[in-house]
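# Results of the structural survey
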Amino acid sequence: MAQWTSAVGSTQLARLLTSQQTRPAGPGTRRPPAYRALADGIRMLVLEGRVPVAARLPAERELAASLVVSRTTVAAAYEALRAEGFLESRRGAGSWTAVPAGNPLPARGLEPLPPEALGSMIDLGCAALPAPEPWLTRAVQGALEELPPYAHTHGDFPAGLPALRQMLAERYTARGIPTMPEQIMVTTGAMGAIDAICHLFAPRGERIAVESPSYANILQLMRETGARLVPVAMSEGLEGWDMDRWRQVLRDAAPRLAYVVADFHNPTGALADEDQRRKLVDAARSAGTVLVVDETMIELQLDDDLTMPRPVCGFDPAGSTVITVGSASKAFWAGMRIGWVRAAPDVIRSLISARAYADLGTPVLEQLAVNWLLSTGGWESAVQVRRAQARENRDALVAAVRRELPGWEFAVPAGGLTLWARAGGLSGSRLAEVGERVGVRVPSGPRFGVDGAFEGYVRLPFTVGGAVAEEAAVRLAAAARLVETGAGAGVETPRAFVA
């Protein structure tokens, strides 16, 4: 019986392998044999999670034709992968991807590094900061004081606690967007919100337009729902959204949904101006596309002289086009899994009805904690702590990367938690692999694209500062040198770094 659970075609695999091509080798760089380069490319795709484990690979002859190489080259590459534990084969069943014994399964998204591994590894994989104390402790204490009346109920509130829905509606109204509690549903984080929206509006096979690049975990969530992703290229640097491209894609592809992060975009850090927001809403309305706007980064304005534009939903007064998603996870703490949806009342009712077959509701105690923060002024105080921490980390990381990696290109965003860096012509996937060996964990660009795009990029979040940021840049520079020279095998992770 075959042990593969999916398959990757020769054309698709060739496209993914082509996306890994980097700048021409410089003097002193060792060029591997063709079969070795092919084996390394497939191994990298497996380690990155872009080709799943237990995926059946094309037959040797088919892949050779798609890559325009000899069948002998493909056969030798497959044999090398089998010897290294990345490929298994059985006569009559073909060959499928695997991972060697003892290796962790590759992640399709950006899962947090286990806390026990933080001693020896600098983690730049997850764009999340520690909790802004003492506000987390105070919020939980306040929630416990408010809990007794709710403890006498069944505890399931599919729409969210009425008090929190009211508070969130008032905050939108204060921002110039009149909102009723009936337009709010509380969810288990922003991921829970977007998952519910995708299942309601874009069942399997529907198209969803997404920024390219975009947030990796959301892209994978949409893939898991069976959506067909339609990428819309972002402009270079912090210019963000090319409205001619958006109008063309929305008109020609007619996607059911479009997903955008207009406020300190993840990963680029771009901020959409009011003209871009107005045109984006108009284009979505004309195409009949529902525009899902992720506001999870909106509170993280790091430059004091920046004037924030109106919310995207402010350009949709009828409420027929824009669905807004918010969260406490970025602005406050990732461990506070509270998100929310703002939409027209009929949309909220449909989401609530569908929730009966999902998670029924969001934890009451965490909702009470967020409500305490919002109603006492604790939220604003905590966000100020968060902004100061992220600003300090950003400035330290930017200075360290500019010093250690002067060939890397990036624009410094005015807010958010991420820096999108072009890695001097090097492969982001190989930097990620070698980086883990030298003690720094960084996500490669292809995680944020569709079909292997952005191989030459990495994302650097503002999660470390001071001496740790400096050491992270030193380790990234060491990884870059190893990638550039074709070395890196056998490099050991360093012992714990103490700031």
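Residues numbered from 1 in each chain as written. Predicted model: local features only at pLDDT ≥ 70, side-chain atom pairs only at ≥ 80, totals over all residues. Heavy atoms only, no water.

### Quick notes on the overall build of the protein
- Within the protein, the secondary structure is distributed over 16 helices and 15 strands.
- Scored against the burial criterion, the 499 residues of the protein give a buried share of 53%. (Helix = DSSP H or I, 4+ residues; strand = E, 2+ residues; numbered from the N terminus. Buried < 20%, exposed > 50% of the residue type's maximum accessible area, 1.4 Å probe, protein only.)

### A word on the packing of aromatic side chains
- Overall, the coordinates contain six aromatic pairs when judged by the stated rule.
- Judged by centre distance (5.6 Å) and plane angle (80 degrees), the ring pair of Trp420 and Phe448 falls under edge-to-face. One end of the pair, Trp420, is in strand β13 (residues 418–422); the other, Phe448, is in the loop between β14 (440–441) and β15 (457–461), and 28 residues separate them in sequence.
- Overall, the relative accessible area of 10% leaves Trp420 in the buried class.
- Look at Trp420 and Tyr457: their rings are 5.0 Å apart centre to centre, the planes differ by 10 degrees, and that puts the pair in the stacked class. Highlighted residues: Trp420 in strand β13 and Tyr457 in strand β15, separated in sequence by 37 residues.
- Within the aromatic cluster, the residues linked to one another by ring pairs are Trp420, Phe448, Phe454 and Tyr457.
- Over the face of the ring belonging to Tyr172 we find Arg342, whose NZ or CZ atom lies 5.9 Å from the ring centre. (Phe/Tyr/Trp six-rings, centres within 6.5 Å; stacked < 30°, edge-to-face > 60°. Lys NZ or Arg CZ within 6 Å of the ring centre and 35° of its normal.)

### Topic: helix α16 (residues 466–485)
- Between its terminal C-alpha atoms α16 stretches 29 Å, which fits the 28 Å expected from 20 residues at 1.5 Å a residue.
- Among the residues making up α16, those that are buried are Val468, Ala469, Ala472, Ala473, Arg475, Leu476, Ala477, Ala479, Ala480, Leu482 and Val483.
- On its buried side, α16 packs onto β5 (122–123), α14 (378–404), α15 (428–438), β14 and β15.
- Backbone geometry just downstream of α16 places Gly486 in the positive-phi region, at approximately 80 degrees. (Expected span 1.5 Å × (residues − 1). Contact = heavy atoms within 4.5 Å.)

### Describing the sheet that holds strand β6 (residues 184–187)
- Strand order in this open sheet of seven strands is β6-β12-β11-β10-β9-β7-β8, and the pairing throughout is mixed. Edge positions in the sheet fall to β6 and β8 (228–233), since each has one partner strand and no second. Taking the axes of each pair of neighbouring strands and ignoring which way they run, one obtains an average angle of 20 degrees across the sheet.
- Where strand β7 (residues 207–212) lies against strand β9 (residues 257–260), three bridges are found, and the strand directions are parallel. Within β9, the residue paired with Ala209 across the bridge is Ala258.
- Running at roughly 35 degrees to β6, helix α12 (residues 345–355) makes contact with β6, β11 (322–327) and β12 (339–342) of the sheet. (Pairing = 2+ DSSP bridges. Axes fitted to C-alpha atoms, helices over the stretch in contact; angles between N-to-C directions.)

### Points about unusual backbone geometry
- Backbone torsion omega between Ser212 and Pro213 reads 10 degrees, so that peptide bond is classified as cis.
- For Pro213, the location among the structural elements is in the loop between β7 and α9 (216–224).
- Look at the link from Asn266 to Pro267: it is a cis peptide, with omega at 25 degrees.
- Along the chain, Pro267 falls in the loop between β9 and α11 (274–287).
- A positive phi angle, close to 50 degrees, is found at Ala254, a residue other than glycine.
- Tracing the backbone shows Ala254 in the loop between α10 (243–253) and β9.
- Positive phi outside glycine occurs at Phe264, with the angle close to 55 degrees.
- Position of Phe264 relative to the elements: it lies in the loop between β9 and α11.

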